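# Structural description and commentary
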Amino acid sequence: MALSDTDIETFREQGFLAIEGVFRPAQMAALRSAASEIVEGFDVDAHRTVFRTDDRDSGRDDYFFDSSEAVHCFLEAGALDADGSLNRDKSLAINKIGHALHDRETTFRTFCSHPWFGAALRDLGYGAPVVMQTMYIFKQPGIGGEVRWHQDASYLISAPPGVTGVWVAVEDATETNGCLWMQPGAHRLPLRERYTVDWRAREGRLETLDDTPWQGSEPAVPVPVPAGSVVLFHERMPHYSSENRSQKSRHAFTLHVTEQLVEWSPLNWLQRPTLPPFRL
Ligand code: FE2
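A brief report on the enclosed structure follows. Owing to the predicted nature of the structure, the values given are computational and were not obtained by experimental measurement.

### So, the pattern of salt bridges
Applying the stated criterion across every chain yields a total of seven salt bridges. For Glu13, the salt bridge goes to Arg188, with nearest N and O atoms at 3.7 Å. One end of the pair, Glu13, is in helix H1 (residues 5-14); the other, Arg188, is in the loop between strand S8 (180-182) and strand S9 (193-198), and 175 residues separate them in sequence. The salt bridge involving Arg148 is made with Glu193; its shortest N-O contact spans 2.9 Å. Here Arg148 is found in strand S5 (residues 147-150), whereas its partner Glu193 is found in strand S9, with 45 residues between them in sequence.

### A word on the side chain of Thr164
Take Thr164: it is sitting in strand S7 (residues 164-169). With relative accessibility at 5%, the residue Thr164 sits in the buried group. Within the structure, the side chain of Thr164 is placed 2.7 Å from the side chain of Tyr126, a separation counted as a polar contact. Apart from the residues within four sequence positions on either side, Thr164 is in contact with Phe11, Leu121, Leu124, Tyr126, Phe233, Leu255, His256 and Val257.

### Concerning the sheet that holds S5
Here we have four strands laid out as an open sheet, ordered S5-S13-S8-S11, and antiparallel in their pairing. Every other strand in the sheet has two partners, leaving S5 and strand S11 (221-223) as the edge strands with one partner each. Across this sheet, the average inter-strand angle for adjacent strands is 25°, counted without regard to direction. Across three bridges, S8 lies against strand S13 (residues 239-241) in antiparallel orientation. Its bridge partner lying in S13, Met182 is registered against His239.

### Quick word on the packing of aromatic side chains
Here the structure, examined in full by the defined rule, presents 17 aromatic pairs. Taken together, Phe23, Phe108, Phe111, Trp116, Phe117, Tyr136, Phe138 and Phe253 form an aromatic cluster joined through their ring pairs. The ring of Trp214 has Arg192 lying over it, and the distance from NZ or CZ to the ring centre is 4.5 Å.

### Focus: the nonpolar core
Counting 61 residues, the largest nonpolar core has Tyr136, Leu232 and Phe253 as the members making the most contacts within it. In terms of residues, this core owes the most to one element, helix H2 (residues 25-40), which gives six residues. Formed by 13 residues, the second largest nonpolar core is a distinct cluster that contains Phe16, Val225, Phe233 and Ala252.

### A short note on the environment of Met182
For Met182, the position within the fold is in strand S8. Separated by 37 residues in sequence, Met182 and Pro219 have C-alpha atoms that sit 8.5 Å apart. Ignoring sequence-local partners within four residues, the contact set of Met182 consists of Phe16, Trp149, Pro219, Ala220, Val221, Val223, Val231, Phe233, Met237, Pro238 and His239.

### Focus: the state of the cysteines
Counted according to the given criterion, the structure contains zero disulfides. Take Cys112: it sits in no disulfide, and the sulfur closest to it among the cysteines is that of Cys73, at 17 Å.

Thresholds applied
Residues numbered from 1 in each chain as written. Predicted model: local features only at pLDDT ≥ 70, side-chain atom pairs only at ≥ 80, totals over all residues. Heavy atoms only, no water. Salt bridge = Lys/Arg side-chain N within 4 Å of Asp/Glu carboxyl O. Helix = DSSP H or I, 4+ residues; strand = E, 2+ residues; numbered from the N terminus. Buried < 20%, exposed > 50% of the residue type's maximum accessible area, 1.4 Å probe, protein only. Polar contact = N/O pair within 3.5 Å; in protein donor to acceptor, adjacent residues only side chain to side chain. Contact = heavy atoms within 4.5 Å. Pairing = 2+ DSSP bridges. Axes fitted to C-alpha atoms, helices over the stretch in contact; angles between N-to-C directions. Phe/Tyr/Trp six-rings, centres within 6.5 Å; stacked < 30°, edge-to-face > 60°. Lys NZ or Arg CZ within 6 Å of the ring centre and 35° of its normal. Core = buried A, V, L, I, M, F, W, Y, C linked by side-chain atoms within 4.5 Å. Disulfide = S-S within 2.5 Å.

Here's what the structure looks like:
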């Protein structure tokens, strides 16, 4: 077992669980250097796709959709000048890398194969957990943008529902550099939004299902954690992270896991028509 009975109980009650000291500094350093190698090889001129969450996801394009089965880099909005040129070094301009790092990059594949992940997910009740997507998130110093309140189930739709977010702190996450915020117990509230893609037009749309305001309904708490920690969270847990107001980055690596036998919606932006299931 990776989780204690108290951990499992906390996850069920709160909808999330933070566990410190799961991974060693050397393991986090290996992820950092693998991510920086990917950025090194990224051709900014070929793909100037920005990742932002303040536009009701209207900026999702083919480069984004195709990242379901690939390793693509997305820029920070604040890293581009009005004329579209980069205003800082490439290494400080990337918002995130996604979404098939676990399939395509050896270091991340090896890391995701660590037995802790499968054990933790089985402790939470999964029979055959599979990784649907992975992201390396930089939250760059100074410009690492806010990620608005949302629930991950809005973007990862399955029947029955059952995606779990696994958030690994590659670096220390603090209130100043943009740690996660969660609303304990709010995973019991309904799904507020749904993002689906019309594949004929290759266009995504975010629809509001329930307009209860994100803030105010439930108290929000920051979840600061040191590097090497893991935060597990329920797919309907509302979560948020502020912009990075510090001069230090706040790298994180995330996996989104589901049960292998669920029916994955064809309306999901994330489709894996050619890659085999990545079992934990
Ligand atoms: Fe999220």
